Amino acid sequence: MGEETTQRSEDEPGTGVVAAFGRQLKLLRIRAGMDRAEFGKRVGYSADMVASIEQGRRIPQARFIERADEVLGAGGLLVALKEEMAKAQYPAFFRDMARLEARASALNLYAMYAVPGLLQTEDYARAVFHMQRPLLTDEVIEQRLEARMVRQEIFCRRPAPLMSFVIEEAVLRRPIGGAKVMRETLEQILLISQSRNVEVQVMPIEREDNAALGGPFSLIDTDKGQRLAYAEVQDHSRIYTDPAYVRTLEARYGILRSQALTPSESVAFVEQLMGDT
């Protein structure tokens, strides 16, 4: 039905293509006769940040790569690795979904365990990463945090993708990061739900019927007009392309939306939760 991906150690910062990019950047900088401080000033980053990228401890963002290529006169050598660096920002199991999400014309997400990444505040996301076991290094946490925030640029895209979120009530009551962080997250959910292309619905705990107890999943309409499905569990993921199975999940999501609170009822529900925090 699709291809399953698992996390690989060579995909982490400090190894593989990330380390190779860092070594290439250092060679080009030395060839240009610049120390890290001068180069950092010209690209708009600190010398410490440049060192982290050269040592493969930090994955560079697209804007850094483009500016570095220009400043060092690399002739596109660094820019040619931009797509690989973009993929390396995410854990291996999420990379295919990140690529599809960035280009999607429509997204439908059902969340059972945590607030969807697209709706998380920076502090909520940081708390999620800090709780992961085995423990993530500080460098990996900061990199993944930055990547998660970049994903939210989808809300600024034009044309804007249509987005629907169905979130279990328990998710909104689970105080990940503490009461203050959770309140800020609820505020962000309310703010994003005001966008004309976004609908947020809450699935109350008291509902006797729930069409999706099998777990969270997403439906993605690609920019090529294809509908796919995505599901993940315990750092393993799968993208489903089989039309019959995708139609099953489509039907499941439609029933789920009919069982949940309406968007306006959901706004009132979240506002009430905020009053309780």
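Residues numbered from 1 in each chain as written. Predicted model: local features only at pLDDT ≥ 70, side-chain atom pairs only at ≥ 80, totals over all residues. Heavy atoms only, no water.

(A) Seen up close, the overall build of the protein. Helix and strand counts for the protein stand at 12 helices and 7 strands. Taken over C-alpha atoms, the radius of gyration comes to 21 Å for the protein, in line with the 19 Å a tight globule of 277 residues would show. Its C-alpha atoms give the protein principal-axis dimensions of roughly 70 × 45 × 40 Å. Burial status across the protein gives 47% buried among its 277 residues. Restricting to contacts in the protein with at least 6 residues of sequence separation, those with at least 24 account for 74%. In the form shown here, the protein has an accessible surface area of approximately 14000 Å², with 51% of it arising from carbon and sulfur atoms. (Helix = DSSP H or I, 4+ residues; strand = E, 2+ residues; numbered from the N terminus. Rg over C-alpha atoms; globule rule 2.2 N^0.38 Å. Buried < 20%, exposed > 50% of the residue type's maximum accessible area, 1.4 Å probe, protein only. Contact = heavy atoms within 4.5 Å. Areas by Shrake-Rupley, 256 points an atom, 1.4 Å probe, with all protein chains shown as cover.)

(B) Layout of the confidence of the model for the protein. For the protein, per-residue confidence averages 91 on the pLDDT scale, and 94% of positions sit at 70 or higher. Low pLDDT (under 50) marks residues 1-11, which in the prediction has 34 contacts with non-local residues, meaning those over four places away or in another chain. (pLDDT = per-residue confidence, 0-100.)

(C) Structural view of the side chain of T222. Relative to the helices and strands, T222 is located in the loop between β5 (217-221) and β6 (227-233). Under the relative-accessibility criterion, T222 is labelled buried at 8%. Those residues in contact with T222, other than ones at most four positions away along the chain, are L100, R103, S105 and L228.

(D) Representation of the pairing of strand β7 (residues 236-240) in the model. Pairing of β6 with β7, which is carried by 5 bridges, proceeds in the antiparallel orientation. Within the sheet, the bridge partner assigned to A231 lies in β7 and is R238. Hairpin connection from β6 to β7: 2 residues lie between these consecutive antiparallel strands, with Q234 at a positive phi of about 50°. (Pairing = 2+ DSSP bridges.)

(E) Main features of the pattern of salt bridges. One pass over the full model with this rule turns up 19 salt bridges. Each of E122, D123, R126 and E142 takes part in a single network of salt bridges with overlapping partners. (Salt bridge = Lys/Arg side-chain N within 4 Å of Asp/Glu carboxyl O.)

(F) Layout of the nonpolar core. Within the largest apolar cluster, 43 residues are counted, with the highest numbers of intra-cluster contacts made by L107, F165 and L172. For this core, the element with the most residues is helix α10 (residues 179-193), which contributes 6 residues. Ignoring any residue separated from it by four or fewer positions in sequence, one finds L172 in contact with V115, I167, M182, L186, I189, V202, V270 and L273. Residues L28, V50, I59 and M85 belong to the second largest nonpolar core, which totals 19 residues. (Core = buried A, V, L, I, M, F, W, Y, C linked by side-chain atoms within 4.5 Å.)

(G) Unusual backbone geometry, seen in detail. Along the chain, R133 connects to P134 via a cis peptide bond; the corresponding omega equals -5°. Relative to the elements of secondary structure, P134 occurs in the loop between α7 (122-131) and α8 (138-151). Put simply, R158 and P159 share a cis peptide bond, and its omega is 0°. With respect to the secondary-structure elements, P159 resides in the loop between α8 and β3 (162-168). Backbone geometry places Q234, a non-glycine residue, at a positive phi of 50°. Note that Q234 resides in the loop between β6 and β7. What makes Q234 exposed here is its relative accessible area of 70%. Not every positive phi belongs to a glycine, and D235 is a case in point at roughly 65°. Within the element layout of this structure, D235 appears in the loop between β6 and β7.

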